[in-house]
Amino acid sequence: MATAKKKLVQWEPTDIKKELLKKYPAKVARKRAKQILINEALENTTPEITANVRTIPGIITMRGCTYAGCKGVIMGPTRDIVNLVHGPIGCSFYAWLTRRNQTDAGVDGENYMTYCFSTDMQDSDIIFGGEKKLAAAIQEVYDLFHPKAITVFATCPVGLIGDDIHTVARTMKEKLGDCNVFAFSCEGYKGVSQSAGHHIANNQVFTHMVGENNEEKPGEYKINLLGEYNIGGDGFEIDRILRKCGITTISTFSGNSTYDQFASAHMADLSCVMCHRSINYVADMMETKYGIPWIKVNFIGAKSTIKSLRKIAEYFGDQKLIDRVEAVIAEEMPAVDAVREDVLPRTTGKTAMLFVGGSRAHHYQDLFAEMGMKTLSAGYEFAHRDDYEGRHVIPNLKVDADSRNIEELEVEADPERFKPRKTDAELKALEDKGFKFKEYDGIMPDMEAGSLIIDDLNQYEAEKLVELMKPDIFCAGIKEKFSIQKLGVPMKQLHSYDSGGPYAGFKGAINFYKEIDRLVNSKVWSYMKAPWQESPELSATYVWE
Ligand code: CFM
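These numbers were taken from a predicted model, which means no experiment stands behind them.

Participant: Help me get a handle on the overall build of the protein chain, residues and values and all.
Facilitator: In terms of regular secondary structure, the protein chain is built from 24 helices and 14 strands. For 545 residues, the compact-globule estimate of 2.2 N^0.38 gives 24 Å, and the C-alpha radius of gyration of the protein chain, at 24 Å, lies within 12% of that figure. Principal axes of the C-alpha set define a box for the protein chain whose edges measure 70 × 65 × 40 Å. Taking the contacts inside the protein chain whose residues are at least 6 apart along the sequence as the reference set, 77% of them involve residues at least 24 apart. Distance between charge centroids for the protein chain: 5 Å, based on 67 positive and 77 negative side chains.

As structure tokens, then:
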């Protein structure tokens, strides 16, 4: 560790940036330079980052595809809808139970998560078209399971050969009569990353499911929890806390969700948005069409959980709820504080790097801060500028050909069902007290000046960063896991949580403190020799050098 500390002192952020760019051809270096920023947020000059743009061909990106964002992320965690993949079997197989979104099949026991549904396209389907095969597969699913809904996902070849999946879905919906069938044009190549798939999924879920069930739901303080996917049981822990507070969750988009939750979401009185990157479109559309206000929440970290619960209670403004929330916080916190105080002497001063998706690289910094740990560098795989700089930049975002490719739905107030949840005076009174609707901060204003913010980090840069800065822990996904460990640095997957979790809420914070303490203080990593330690003279040149 002595060398690690020395290196940290030696390297200025500008030098690190230079080092990262050094091996690239001039054109690539110019492009990447706009995605690697040295944070200056504390001087009130949040720099502008380039994000949500195409990955440069040849670079080994951490990103996933549009189909992954639609099928895996948004629709994947729903248990009683059959997700049918129209495409080659690999697209379905590799999206099958790999995300650790947990399910409780409940009393009805309806759960299709354990199945892998695919039309298993073959060469002949590519040549002669796959629409008949798709219709037959929908019929087969219906005959076998009789689900409430069957959703169809387009993979790359479907878009290339032009199968009209929407017409097939519509025809089958009419034919079957009691099963909602609709499709997503979420071909993998449709956008620059999985982010496009989120948007496509939001649009179709809103169009085909939200608003289908107008029955009043029992319970008080009705909310939608948007952008929580129950990875490693996070959603279960959040549900436990909300229930304890007396808050009723009408729907979760989409951890452990059901068809009826989507169909009833418009009956809630507040939408709480956890991962805004993946779901802010639905939050906005529900507000416009039904009058449900939305707020940003974060249940990652004990402090953030407390803040979010208080924010929900403040919105409803009922003393009974405010008191209940305070009682729950008072009951839960001693156990959290005890573990935190235990690990603090061992974790304080340790350093982390986080390169995850579109919101966790930000959210998890709260947990590390609670442990006295500093985030040296962080970034997203596919987030947009608003996730880096804050939601206020949205009006200034450039609409390029890739984002224009994704439909923006025109939504209007529902003539019968639009119902303002609060009067203008009530909303204003809340805002005057500092309550914020429809807003979230970016990762940059929350990070220290001089820290490195890197968009769409790739394999090469990840290894270089670790080599230069030697963090005590590196957080990313499965593709990065083993290459980082081989460098002698502990690695925590913050997508799937390895085999751990939950990390949300109070119990989640306890799990996280213990897990990170174990990782950053494990001796085993110091026995590893990274390639540059074993043979420092090891070098290579690229063809253009
Ligand atoms: Fe939202 Fe997610 Fe994330 Fe995301 Fe994801 Fe995920 Fe993620 Mo992996 S919805 S943006 S597309 S919080 S699957 S549960 S961990 S990249 S940071």
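There is more to say, and it comes next.
Participant: So what about the pairing of strand E2 (residues 81–86)? Which residues, and what values?
Facilitator: For E2, the tally of buried residues reaches six of six residues, placing the bulk of the element in the interior. Burial along E2 is two-sided: Ile81, Asn83 and Val85 and Val82, Leu84 and His86, pointing in opposite directions, are all buried. Direction of pairing for E2 relative to strand E4 (residues 149–154): parallel, over a ladder of six bridges. Counterpart to leucine 84 in the pairing with E4 is valine 152. As paired strands, E2 and strand E3 (residues 117–118) are joined by two bridges and run parallel to one another. Its bridge partner lying in E3, leucine 84 is registered against phenylalanine 117.

Participant: Give a description of helix H13 (residues 276–290) that names residues and reports values.
Facilitator: In terms of residue burial, H13 counts as a mostly covered element, since twelve of its 15 residues are buried. Turning to H13, its buried residues are His276, Arg277, Ser278, Ile279, Asn280, Tyr281, Val282, Ala283, Asp284, Met285, Met286 and Tyr290. Positive backbone phi, at 85°, marks glycine 291, one or two positions downstream of H13.

Participant: Requested: an account of the site of the ligand, with residues and values cited.
Facilitator: Lining the immediate environment of the ligand, one finds 14 residues, of which Arg99, His198, Cys275, Ser359 and His495 sit closest. Residues of the shell around the ligand, tallied by class, amount to six nonpolar, six polar and two charged.

Participant: A description of the sheet that holds strand E5 (residues 180–184) should follow, citing residues and the corresponding values.
Facilitator: Overall, parallel pairing links the four strands, which are arranged E3-E2-E4-E5 in an open sheet. Strands at the two margins of the open sheet, each flanked by one partner only, are E3 and E5.

Participant: Can you explain the pairing of E5? Please cite residues and give values.
Facilitator: Among the five residues of E5, five are classified as buried, and the element is accordingly described as predominantly covered. Every second residue of E5 is oriented toward a common face, with Asn180, Phe182 and Phe184 on one face and Val181 and Ala183 on the other, all of them buried. The pairing of E4 with E5 spans five bridges and is parallel. Note on E5: the bridge partner recorded for phenylalanine 153 is phenylalanine 184.

Participant: Requested: an account of the sheet that holds strand E6 (residues 222–228), with residues and values cited.
Facilitator: Sheet architecture is open: four strands sit in the order E7-E6-E8-E9, paired in parallel fashion. The strands lining the two open edges of the sheet, one partner per strand, are strand E7 (248–254) and strand E9 (294–296). Put simply, the sheet's adjacent strands are angled 25° from each other on average, direction ignored. Relative to strand E8 (residues 270–273), E6 is paired through four bridges, and the arrangement is parallel. Looking across to E8, one finds that leucine 226 is bridged to valine 273. The sheet contacts of H13 involve E6, E7, E8 and E9, and relative to E6 the element is tilted by about 145°.

Participant: Now, about the side chain of aspartate 163: what can you tell me, with residues and values included?
Facilitator: Here aspartate 163 is to be found in the loop between helix H8 (156–161) and helix H9 (165–176). It is lysine 133 that comes nearest to the buried, bridge-free aspartate 163 among opposite-charge side chains, at 9.9 Å. Side-chain polar atoms of aspartate 163 contact the side chain of histidine 86, separated by 2.9 Å. Ignoring sequence-local partners within four residues, the contact set of aspartate 163 consists of His86, Met121, Gly129, Gly130, Glu131 and Val158.

Participant: Tell me about the environment of isoleucine 81, residues and numbers included.
Facilitator: Along the polypeptide, isoleucine 81 turns up in strand E2. Measuring from C-alpha to C-alpha, the distance between isoleucine 81 and arginine 240 comes to 24 Å, with 159 residues separating the pair along the chain.

Participant: So what's going on with the packing of helix H11 (residues 234–245) against helix H15 (residues 319–347)? Residues and values would help.
Facilitator: As a packed pair, H11 and H15 sit with axes 8 Å apart at the nearest point and diverge in direction by 130°. Relative to H15, H11 is oriented oblique. Here H11 contributes Arg240, Ile241, Lys244 and Cys245 to the contact with H15, which in turn contributes Leu321, Arg324, Val325, Val328, Glu331 and Glu332. In terms of residue class, the contact of H11 with H15 is made up of five nonpolar, no polar and five charged.

Participant: Could you give an account of the nonpolar core, with specific residues and numbers?
Facilitator: Soluble, globular proteins show a tendency: their nonpolar side chains are buried together. Counting residues in each nonpolar core, the largest one holds 107 residues, and the members touching the most others are Phe253, Phe299 and Ile312. The contact partners of isoleucine 312, leaving out residues within four places of it in the chain, are Ile223, Leu242, Ile247, Leu270, Cys272, Ile295, Val297, Phe299 and Leu321. Counting residues in each nonpolar core, the second largest holds 29 residues, with Val28, Ile56, Leu457 and Leu468 among its members.

Participant: Describe in detail the packing of aromatic side chains, supporting the description with residues and values.
Facilitator: In this description, a pair of aromatic rings is defined by centroid distance and the angle of the planes. All told, the structure shown has 23 aromatic pairs when counted by the stated rule. Judged by centre distance (5.4 Å) and plane angle (70°), the ring pair of tyrosine 112 and phenylalanine 145 falls under edge-to-face. Of the two residues, tyrosine 112 is situated in the loop between helix H5 (89–93) and E3 and phenylalanine 145 in helix H7 (residues 131–145); the sequence distance between them amounts to 33 residues. The class for phenylalanine 145 is partly exposed, based on a relative accessible area of 22%. Of note, lysine 422 hangs over the ring of tyrosine 315, and the distance from its end group to the ring centre comes to 4.6 Å.

Participant: Describe a positive patch on the surface, with residues and values.
Facilitator: Taken together, the side chains of Lys27, Arg30, Lys31, Lys34 and Lys398 present a region of like positive charge at the surface. Mapped onto the secondary structure, arginine 30 falls in helix H3 (residues 26–33).

Participant: How would you sum up the pattern of salt bridges? Please name residues and give values.
Facilitator: Under the criterion given, the structure shown has 37 salt bridges. One salt bridge in this structure joins lysine 148 and glutamate 110, with 2.7 Å as the shortest N-O distance. Here glutamate 110 lies in the loop between H5 and E3 and lysine 148 lies in the loop between H7 and E4, a separation of 38 residues in the sequence. According to the relative accessible area criterion, glutamate 110 is buried, its value standing at 18%. A salt bridge links aspartate 284 to lysine 438, with the nearest nitrogen and oxygen atoms 3.3 Å apart. Of this pair, aspartate 284 sits in helix H13 while lysine 438 sits in the loop between helix H19 (424–432) and helix H20 (443–446), and the two are 154 residues apart along the sequence. By relative accessible area, lysine 438 is classed as partly exposed at 36%.

Cut-off values and rules
Residues numbered from 1 in each chain as written. Predicted model: local features only at pLDDT ≥ 70, side-chain atom pairs only at ≥ 80, totals over all residues. Heavy atoms only, no water. Helix = DSSP H or I, 4+ residues; strand = E, 2+ residues; numbered from the N terminus. Rg over C-alpha atoms; globule rule 2.2 N^0.38 Å. Contact = heavy atoms within 4.5 Å. Lys, Arg positive; Asp, Glu negative; His and termini not counted. Charge placed at Lys NZ, Arg CZ, Asp CG, Glu CD. Buried < 20%, exposed > 50% of the residue type's maximum accessible area, 1.4 Å probe, protein only. Pairing = 2+ DSSP bridges. Near = heavy atom within 4 Å. Nonpolar A, V, L, I, M, F, W, Y, C, P; charged D, E, K, R; others polar. Axes fitted to C-alpha atoms, helices over the stretch in contact; angles between N-to-C directions. Salt bridge = Lys/Arg side-chain N within 4 Å of Asp/Glu carboxyl O. Polar contact = N/O pair within 3.5 Å; in protein donor to acceptor, adjacent residues only side chain to side chain. Parallel < 35°, antiparallel > 145°, perpendicular 65-115°, else oblique. Core = buried A, V, L, I, M, F, W, Y, C linked by side-chain atoms within 4.5 Å. Phe/Tyr/Trp six-rings, centres within 6.5 Å; stacked < 30°, edge-to-face > 60°. Lys NZ or Arg CZ within 6 Å of the ring centre and 35° of its normal. Patch = residues over 30% accessible without salt bridge, like charges linked within 9 Å, V, L, I, M, F, W, Y side chains within 5 Å. Areas by Shrake-Rupley, 256 points an atom, 1.4 Å probe, with all protein chains shown as cover.

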